[in-house]
Amino acid sequence: KAGVTQTPRYLIKTRGQQVTLSCSPISGHRSVSWYQQTPGQGLQFLFEYFSETQRNKGNFPGRFSGRQFSNSRSEMNVSTLELGDSALYLCASSFGTLNEKLFFGSGTQLSVL
Amino acid sequence: SQKIEQNSEALNIQEGKTATLTCNYTNYSPAYLQWYRQDPGRGPVFLLLIRENEKEKRKERLKVTFDTTLKQSLFHITASQPADSATYLCALDESGYALNFGKGTSLLVTP
């Protein structure tokens, strides 16, 4: 069974630009969560989707958005990039509706210059 | 506010010894607690989940305890090996809102 796939692996953008990150969950998993990881703050929850519906959202500005498609694949978008958005963005999938046993991708390392 | 605290200082131990990592939490009433391992540049990998009515859980060389009175979980790796060197993350979820992670403890096992 293929794992969680995130693309691209690395991304370099400049301030003010926008970026779209992609996540393909494990086949059969309907829940997809997104996290931002930085050395200072650790893993911080961005949002979670289940069956194309955003169920939960973390404490991030509206510049961070996401969506989930009918095949459970998910994308997250960050508009008007700031230097502080530089981070490892991780996607995780799980089978059910509870946050038990998340399977993470390797992440997208975003650098904002 | 809710907090998950793990030892911020790295834990250095000798191969063959038992490593013990601590996770303390406040303002949570979790139904379960999870431990993950993360290697540099990679996503976390699920290790163990322990429920509130379980005092202890084992998987091979790993053992987790969960004390809801002390609001603490201990994570043990017995007969540690250099390959166990990684960052270990504790995670809590309440009411199915989101899985929140501690900042992790870095473990270094030296030969």
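Okay, so let's go over this structure. Throughout, a residue's number is its position along its own chain's written sequence, starting from 1. Starting at A for chains and at 1 for ligands, labels are handed out in the order in which the entities are written. Owing to the predicted nature of the model, reporting of local features is limited to residues with pLDDT of at least 70; listing and counting of side-chain atom pairs is limited to 80 or more, with chain, interface and lining totals taken over all residues. To obtain the side-chain values, all non-hydrogen atoms of the structure were used and water was disregarded.

A few points about the overall build of chain A
Then, number 1: Segments assigned H or I by DSSP are reported as helices when at least four residues long, segments assigned E as strands when at least two residues long, and all are numbered from the N terminus. Looking only at helices and strands, chain A has 0 helices and 11 strands in total.
Then, number 2: Its helices and strands taken in sequence order, chain A reads β-β-β-β-β-β-β-β-β-β-β from the N to the C terminus.
Then, number 3: When we talk radius of gyration, it's over C-alpha atoms, and the globule rule is simply 2.2 Å times the number of residues to the 0.38. Taking 2.2 N^0.38 as the reference for a compact globule, 113 residues should give roughly 13 Å; the C-alpha atoms of chain A span a radius of gyration of 13 Å, in line with that estimate.
Then, number 4: Viewed in the frame of its principal axes, chain A has a C-alpha envelope of about 35 × 25 × 25 Å.
Then, number 5: A burial count over chain A gives 50% of its 113 residues as buried.
Then, number 6: Should any heavy atoms of two residues lie within 4.5 Å, those residues are considered in contact. A separation of at least 24 residues holds for 54% of the contacts in chain A among residues at least 6 apart in sequence.
Then, number 7: As displayed, chain A has an accessible area near 5200 Å², and 50% of this comes from carbon and sulfur atoms. Summary of the burial criterion: residues with accessible area below 20% of their type's maximum are buried, those above 50% are exposed, and those between are partly exposed, where the area comes from a 1.4 Å probe applied to protein chains only. Exposure was quantified through the Shrake-Rupley algorithm and a 1.4 Å probe, taking into account, for residues, occlusion by the shown protein chains and nothing else.

Digging into the state of the cysteines
Chemically, a disulfide is nothing more than a covalent bond linking the sulfur atoms of two cysteines.
Residue and element names in this part refer to chain B.
Then, number 1: Note on disulfides: each one is a pair of cysteine sulfur atoms within 2.5 Å. Applying the stated criterion to the full structure yields 2 disulfides over all chains.
Then, number 2: Shown here is the disulfide that connects Cys-23 with Cys-90, its sulfur atoms set 2.0 Å apart. Across the S-S bond of Cys-23 and Cys-90 the torsion is about -55°, and the bridge reads as left-handed. With a gap of 67 residues between them, Cys-23 in strand E3 (residues 19–26) and Cys-90 in strand E9 (residues 86–93) connect regions that are remote in the sequence.
Then, number 3: Residue classification places Cys-23 among the buried positions, given a relative accessible area of 0%.
Then, number 4: Classification of Cys-90 as buried rests on a relative accessible area of 0%.

Thoughts on the pairing of strand E5 (residues 45–51) of chain B
Residue and element names in this part refer to chain B.
Then, number 1: Of all 7 residues that make up E5, 5 are buried, and the element is covered over most of its length.
Then, number 2: Strand direction decides the pairing type here: strand E4 (residues 32–38) and E5, joined by 6 bridges, are antiparallel. Opposite Tyr-36, over in E5, you have Phe-46 as the bridge partner.
Then, number 3: For two strands to be treated as a pair, DSSP must find no fewer than two bridges joining them. Between E4 and E5, which pair antiparallel one after the other, the connecting turn spans 6 residues, and Gly-41 there sits at a positive phi close to 75°.

Some thoughts on the sheet that holds strand E1 (residues 5–7) of chain A
Sheets are built from strands that pair by backbone hydrogen bonding, the pairs being arranged parallel or antiparallel.
Residue and element names in this part refer to chain A.
Then, number 1: The sheet built from 4 strands is open, its strands ordered E1-E3-E8-E7 with antiparallel pairing. Two strands close off the open sheet at either side, each with one partner strand: E1 and strand E7 (64–68). For this sheet the average axis-to-axis angle between neighbouring strands, irrespective of direction, equals 15°.
Then, number 2: Note that E7 and strand E8 (residues 74–78) share 5 bridges and pair antiparallel. Within E8, the residue paired with Gly-66 across the bridge is Met-76. Comment: axis = line fitted to C-alpha atoms, over the contacting stretch for helices; angle = value between 0 and 180 degrees taken between N-to-C directions.

A few points about the packing of aromatic side chains
Then, number 1: Ring geometry is summarised as follows: Phe, Tyr and Trp rings, the Trp one being its six-membered ring, pair when their centres sit within 6.5 Å, and such pairs are stacked at plane angles under 30 degrees, edge-to-face over 60 and tilted between the two. The full count for this structure, using the stated rule, is 13 aromatic pairs over all chains.
Then, number 2: Taking the centre distance of 5.6 Å and the plane angle of 75° together, the rings of Tyr-36 of chain B and Phe-46 of chain B count as edge-to-face. Placement of Tyr-36 of chain B in strand E4 and of Phe-46 of chain B in strand E5 is noted, with a sequence separation of 10 residues between them.
Then, number 3: On the basis of relative accessible area, Phe-46 of chain B is assigned to the buried category, the value being 17%.
Then, number 4: Geometrically, the ring pair formed by Phe-75 of chain B and Tyr-88 of chain B is tilted, given 5.4 Å between the ring centres and 35° between the ring planes. On the criterion of sequence distance, the pair formed by Phe-75 of chain B in strand E8 (residues 72–77) and Tyr-88 of chain B in strand E9 is long-range, its members being 13 residues apart. Both residues of the pair, Phe-75 of chain B and Tyr-88 of chain B, belong to the buried class.
Then, number 5: Each residue in the set Tyr-35, Phe-45 and Phe-104 of chain A together with Tyr-36, Phe-46 and Phe-101 of chain B is aromatic and connected to the rest through ring pairs, giving one cluster.
Then, number 6: Ring-over charges, as used throughout, are those where CZ of Arg or NZ of Lys falls within 6 Å of the ring centre and within 35 degrees of the ring normal. Positioned over the ring face of Tyr-10 of chain A is Arg-9 of chain A, at 5.2 Å from the centre of the ring.

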